[in-house]
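Next come the chains, spelled out residue by residue.
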Amino acid sequence: MLDTIHRFFNNPSARKIFLKLRYPLFLAALVLLALEARTELLPAAFLVSLLGEAIQLWSFASLVKNEQLTARGPYVLVRNPMYLGRFFLILGVVLLFGNHYITLAYVVFYYFYMVNRVGREEQRLAQLLGQPYRDYCARVNRFLPSFGRLLDPAVRFFDRGVLFRNNGHWNLLAMLVFYGVLAWYLVYFR
């Protein structure tokens, strides 16, 4: 059964369909969220999303895409911090439903999405960056951070110029606007 699920997530036709449907699905989720979000969960959900956003910003400020091996900032601790940050960013929003089944469904869906997406991406990066990337993969975990590396000086890397080139500031602004508009709606209109 797991092989079938992985084949589905790697099927080019299914991925194309999902790409076409992602905006309508996103809008439907926003409408559902506006109708069902629990106001009392807003602070906790915001903090979870803020954790994810912080991880993403740190990743944006460290990553030079497709040009060089990035082994600084959060990439010292884990190979795919951007996906980890995105997981928490979206998890915060999902928590607003206050429904354990929806949260569990999200976690399972994101797991399969992340494992398969990262698998494809790592194959591409191994071809693009060669042996240095394969050595990096042997040293650094794919998803679970190695907190023993926190003392590595490269962890403290954060370059604002790289952050802006990767449009991380827009990502932060979008999250803040989303939560601001949602809080305004929940407090004043519901």
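Use the structure listed above.
Attention here is on the structure that accompanies the text. (Residues numbered from 1 in each chain as written. Predicted model: local features only at pLDDT ≥ 70, side-chain atom pairs only at ≥ 80, totals over all residues. Heavy atoms only, no water.)

## Points about helix 6 (residues 131-139)
Where helix 6 is concerned, the buried positions are Tyr133, Tyr136 and Cys137. Considered in projection along helix 6, the buried side chains sweep an arc of 100° and stay on one side of the axis. In this fold, the buried residues of helix 6 make contact with helix 5 (100-129). (Buried < 20%, exposed > 50% of the residue type's maximum accessible area, 1.4 Å probe, protein only. Helix = DSSP H or I, 4+ residues; strand = E, 2+ residues; numbered from the N terminus. Arc of directions from axis to C-beta. Contact = heavy atoms within 4.5 Å.)

## A closer look at unusual backbone geometry
Comment: phi is negative for the bulk of residues other than glycine, and the bulk of peptide bonds are trans. Its identity as a non-glycine residue notwithstanding, Asn167 has a phi of 60°, on the positive side. One can find Asn167 in the loop between helix 7 (160-165) and helix 8 (168-188).

## Focus on the packing of helix 4 (residues 81-95) against helix 5
As a packed pair, helix 4 and helix 5 sit with axes 11 Å apart at the nearest point and diverge in direction by 160°. When the interaxial angle is binned, helix 4 and helix 5 end up roughly antiparallel. Both helix 4 and helix 5 take part in a crossing whose hand is right-handed. Along the contact surface, helix 4 presents Tyr83, Leu84, Arg86, Phe87, Ile90, Leu91, Val94 and Leu95, while helix 5 presents Ile102, Thr103, Tyr106, Val107, Tyr110, Tyr113, Met114, Arg117, Val118 and Glu121. For the contact of helix 4 with helix 5, a count of residues per class yields 14 nonpolar, one polar and three charged. (Axes fitted to C-alpha atoms, helices over the stretch in contact; angles between N-to-C directions. Parallel < 35°, antiparallel > 145°, perpendicular 65-115°, else oblique. Left-handed = near helix turned anticlockwise from the far one by under 90°. Nonpolar A, V, L, I, M, F, W, Y, C, P; charged D, E, K, R; others polar.)

## Focus on the environment of Val48
By the element assignment, Val48 lies in helix 3 (residues 42-60). With residues up to four places along the chain from it excluded, the contact list for Val48 reads Phe88, Leu89, Leu91, Gly92 and Leu95.

## Looking at the side chain of Arg79
In this fold, Arg79 is placed in the loop between helix 3 and helix 4. Looking at Arg79, its side chain comes within polar contact range of the side chain of Glu122, at 2.9 Å. When residues no more than four places from it in sequence are discounted, the contact partners of Arg79 are Glu122, Tyr136, Cys137, Val140, Asn141 and Arg142. (Polar contact = N/O pair within 3.5 Å; in protein donor to acceptor, adjacent residues only side chain to side chain.)

The analysis is restricted to geometry; functional conclusions fall outside its scope.
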